[in-house]
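Residue strings, one per chain:
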Amino acid sequence: NATITDAHLTIGSLSADGFAAGIIELEPRCAIEAIEAQVQRPLGFAHPQEAAAGVVEMADETMANAARVHAIELGLDVQGFDLLVSGGGGAVHAARIAEKLGIRRIIVPVNAGVGSAVGFLRAPVAFEAALSVVETLERLDMAALASRAEASLQDVLSIVADVVGADKLEASLKAELRYQGQGFEFSFSMPNPLRGVDDGLDVAAFSAWMDGLGDRFHQAYLARFGFTLDEMAIEVVTLSISATERVQEVDSADGNRLGGIRVDGHGVVLTAPDTVAGEACSTRPDHVHPAERAVYDLASDRAITYRCTAREQLTGEPLQGPALIGEAQTTTVVRPGWSARAVGHGHLILERTETLDAVQQPSSAGDGASSAAEQVAQNVLWNRLISVCEEQANALMQAAFGAIVREAGDLSAGVFNADGHMLAQAVTGTPGHVNTMAASVRAMLERVPAHELQRGDALISNDPWLGAGHVFDFVVVTPAFVDGLVVGYLASTSHIVDVGGIGWSAEGRSVYEE
């Protein structure tokens, strides 16, 4: 079967010459044949390179969408982050993924191709214990909780001390809070809960920290959801206590074998491993790379000449893309509009030097070749729509107070056009809700047409005769405006269990007694 590697070989972003320092042999001819037989001809692309570029574009879009949804789950905006590369394919895909996410800087550490293995060897010894609390801040017995935390702290410290010694320990404490009955917890850390290595928990500092968590929770909730529920009690769910081996700061003169990456108040600080000639992790390829290589570009429907260089040849001076940076474990693709430079110990920083269209749709003019490429662009936009729906569903599950929505996913989410027709739906959720949601949207818009809606309006109904299904299913419809005009709708359905009725029974004589 055709693979992502076959696609990269076909478009030229990877080369079979010197791949994995010659340990793994690749056959470009077989890669092209696989793409041709399994992608190009069945889907009507003009040539294998166009088909392969479409495969890579869809892979990049899938990874970018996963990052977006994961960021929504954590309440974060990915545009405020750098992209850290790991894995053999990470540096090949990183620049395009960063463009899709609006990220402007990429970090490619030394040994990125085997980053997981390096991280496993470099990770400090640590142990964590979790204490179940499940009590509101108002009713919390602070003295009893401090006593439990102290006992747990001594346990985790003794476990790690047996491995690394008592003089190399650090401790941290973390509390998870939520509105009582809600399922989304916010985590808050107390970095240094110790009075001293041998003195145990600083009870006064712990109590003061706990007293301030209510205000911090409201601030975090407001930033995440845009509102607070001040009438709801705040509940402490879990208290986690960790003991960790203290990581020594790495000086440039130290012969640190593994190196790593840390962040301080001045930004990213990179430290590198020593490499020994002949080791499997050596970054010096045996093969001498050609000076240039043609890489097919889907957006422009042509091959672009990329300059080729070995990683160890880079300096602090920026190398402007398009360029390919080769090494034994991976290839770093520096796309047009990006630059790459080496920083301390040979790590690479890629920076975006110009604004690029995140979708970069191919031209629709021309023959069947461009229309086949349009299929790729349409699939990219389709994946974007699905990603929007998934973000809706995740936000709904996080904000839900009912376990049937939060845990069982008894919900639906979708995007509708200006006429009230559903364009896409979330994968997360219950299939049975989808059709009833669509019927409810149309029914509500018949009663409240678009010209009567204003920014901030929302339509809500649980009328089973309008299509909601039964009285527990609440459909919410929110109009989306551009320049004052309704251009579409976002809708969701949630199963709300506490609306009344006679409960779990077969005695109901009317749908309203459900």
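Residues numbered from 1 in each chain as written. Predicted model: local features only at pLDDT ≥ 70, side-chain atom pairs only at ≥ 80, totals over all residues. Heavy atoms only, no water.

### A look at the overall build of the protein
Looking only at helices and strands, the protein features 11 helices and 22 strands. The burial tally for the protein puts 43% of its 514 residues in the buried class. Considering only contacts in the protein between residues 6 or more positions apart, those separated by 24 or more positions represent 61%. (Helix = DSSP H or I, 4+ residues; strand = E, 2+ residues; numbered from the N terminus. Buried < 20%, exposed > 50% of the residue type's maximum accessible area, 1.4 Å probe, protein only. Contact = heavy atoms within 4.5 Å.)

### Here's the deal with the nonpolar core
Within the largest apolar cluster, 37 residues are counted, with the highest numbers of intra-cluster contacts made by F206, W209 and L239. When contributions to this core are tallied by element, the ones reaching two or more residues are β3 (126-136), α6 (142-164), β4 (169-179), β5 (186-190), α7 (203-211), α8 (213-225) and β8 (234-245). Among the elements that line this core, the one with the most residues is α6, at nine residues. One finds L101, I106, L319 and W338 within the second-largest nonpolar core, a separate group that totals 24 residues. (Core = buried A, V, L, I, M, F, W, Y, C linked by side-chain atoms within 4.5 Å.)

### Let's talk about the sheet that holds strand β14 (residues 323-326)
The strands that make up a sheet are held in pairs by hydrogen bonds between backbone atoms, and each pair lies either parallel or antiparallel. Taken in spatial order, the four strands make up an open sheet running β11-β12-β14-β15, and their pairing is mixed. Strands with a single pairing partner mark the edges of an open sheet, and in this sheet they are β11 (292-297) and β15 (331-334). With direction set aside, neighbouring strand axes in the sheet form an average angle of 30°. Pairing analysis gives six bridges linking β11 to strand β12 (residues 302-310), with the strands arranged antiparallel. (Pairing = 2+ DSSP bridges. Axes fitted to C-alpha atoms, helices over the stretch in contact; angles between N-to-C directions.)

### Quick word on the pattern of salt bridges
All told, the structure shown has 16 salt bridges when counted by the stated rule. With its nearest N and O atoms 2.9 Å apart, the salt bridge here joins R335 to E99. Taken together, the positions of R335 in the loop between β15 and β16 (338-342) and E99 in helix α4 (residues 90-101) put the pair 236 residues apart, joining distant regions of the chain. Both residues of the pair, R335 and E99, belong to the buried class. Put simply, E57, E61, R68, R96, E99, K100, R335 and R384 are held in one network by salt bridges that share partners. (Salt bridge = Lys/Arg side-chain N within 4 Å of Asp/Glu carboxyl O.)

### Describing the environment of V427
Inspection of the secondary structure puts V427 in the loop between β19 (422-425) and α11 (431-447). Judged by its relative accessible area of 67%, V427 falls in the exposed class. In this structure, the C-alpha to C-alpha distance between V427 and I386, residues 41 residues apart in sequence, is 7.6 Å. Once residues within four sequence positions are removed from consideration, V427 is found in contact with I386 and E390.

### Regarding helix α1 (residues 4-11)
Along an α-helix, residues three or four positions apart point the same way, because every turn accommodates 3.6 residues. Most of α1 sits inside the fold, with six of its eight residues counted as buried. Buried within α1 are the following residues: D6, A7, H8, L9, T10 and I11. N-cap assignment for α1: the residue whose side-chain oxygen lies 3.4 Å from the backbone N of T5 is T3. Immediately downstream of α1, the backbone of G12 shows phi near 105°, a positive value. (Polar contact = N/O pair within 3.5 Å; in protein donor to acceptor, adjacent residues only side chain to side chain.)

### Comments concerning unusual backbone geometry
Comment: phi is negative for the bulk of residues other than glycine, and the bulk of peptide bonds are trans. Look at the link from G321 to P322: it is a cis peptide, with omega at 10°. Mapped onto the secondary structure, P322 falls in the loop between β13 (319-320) and β14. At D483, a position not held by glycine, the phi torsion is positive, near 55°. On the secondary structure map, D483 appears in the loop between β21 (473-482) and β22 (485-495). On the accessibility criterion, D483 (75% relative accessible area) is exposed.

### Here we look at α6
Its 23 residues give α6 an end-to-end C-alpha distance of 32 Å, which sits within 8% of 33 Å, the value for a rise of 1.5 Å per residue. Residues of α6 that are buried: L145, A146, A149, S152, L153, V156, L157, V160, A161 and V164. In the segment just after α6, G165 is the residue with positive phi, at about 95°. (Expected span 1.5 Å × (residues − 1).)

### Section: the sheet that holds β19
With antiparallel pairing, the five strands of this open sheet are ordered in space as β19-β18-β22-β21-β20. Every other strand in the sheet has two partners, leaving β19 and β20 (459-461) as the edge strands with one partner each. Pairwise comparison of adjacent strand axes, ignoring direction, gives a mean angle of 20° for this sheet. Contacting β18 (411-417), β19, β20, β21 and β22, α11 runs over the sheet at an angle of about 45° to β18.

### A short note on the packing of α6 against α7
For the pair α6 and α7, the least separation of the axes is 11 Å and the interaxial angle reads 120°. By the angle between their directions, the pair α6 and α7 is classed as oblique. As for how α6 packs across α7, the hand of that crossing is right-handed. Along its contact with α6, which presents M142, L145 and A146, the element α7 presents V203, F206, S207, M210 and D211. Class assignment of the residues belonging to the contact of α6 with α7 gives a composition of six nonpolar, one polar and one charged. (Parallel < 35°, antiparallel > 145°, perpendicular 65-115°, else oblique. Left-handed = near helix turned anticlockwise from the far one by under 90°. Nonpolar A, V, L, I, M, F, W, Y, C, P; charged D, E, K, R; others polar.)

### Things to note about a nonpolar patch on the surface
A cluster of nonpolar residues, L74, L76 and F81, forms a patch on the protein surface that exposes about 280 Å² of accessible area. On the secondary structure map, L76 appears in the loop between α3 (48-74) and β1 (83-84). (Patch = residues over 30% accessible without salt bridge, like charges linked within 9 Å, V, L, I, M, F, W, Y side chains within 5 Å. Areas by Shrake-Rupley, 256 points an atom, 1.4 Å probe, with all protein chains shown as cover.)

### Remarks on the pairing of β5
Along β5, the buried face is formed by F186, F188 and M190; none of S187 and S189, which line the opposite face, is buried. Two elements, β4 and β5, share five bridges in a ladder whose sense is antiparallel. Within β5, the residue paired with L173 across the bridge is M190. Connecting β4 to the antiparallel partner β5 that follows it, the hairpin turn spans six residues, and G181 within it adopts a positive phi of roughly 95°.

### Details of the side chain of Q182
With respect to the element layout, Q182 can be found in the loop between β4 and β5. Here Y221 takes part through its side chain, which lies 2.9 Å from a polar atom of the side chain of Q182. Excluding its chain neighbours within four sequence positions, the residues that come into contact with Q182 are Y221, Q398, A399, A400, F401 and R406.

### Re the confidence of the model for the protein
Caution applies to low-pLDDT regions: their predicted coordinates should not be interpreted in detail. Looking at the protein as a whole, its pLDDT mean stands at 83, while 87% of the residues score no less than 70. Across residues 251-288, where pLDDT falls below 50, the model places 69 contacts with residues more than four positions away in sequence or in other chains. Predicted confidence for residues 361-369 stays below pLDDT 50, and this span has 18 contacts to residues more than four positions away or in other chains. (pLDDT = per-residue confidence, 0-100.)

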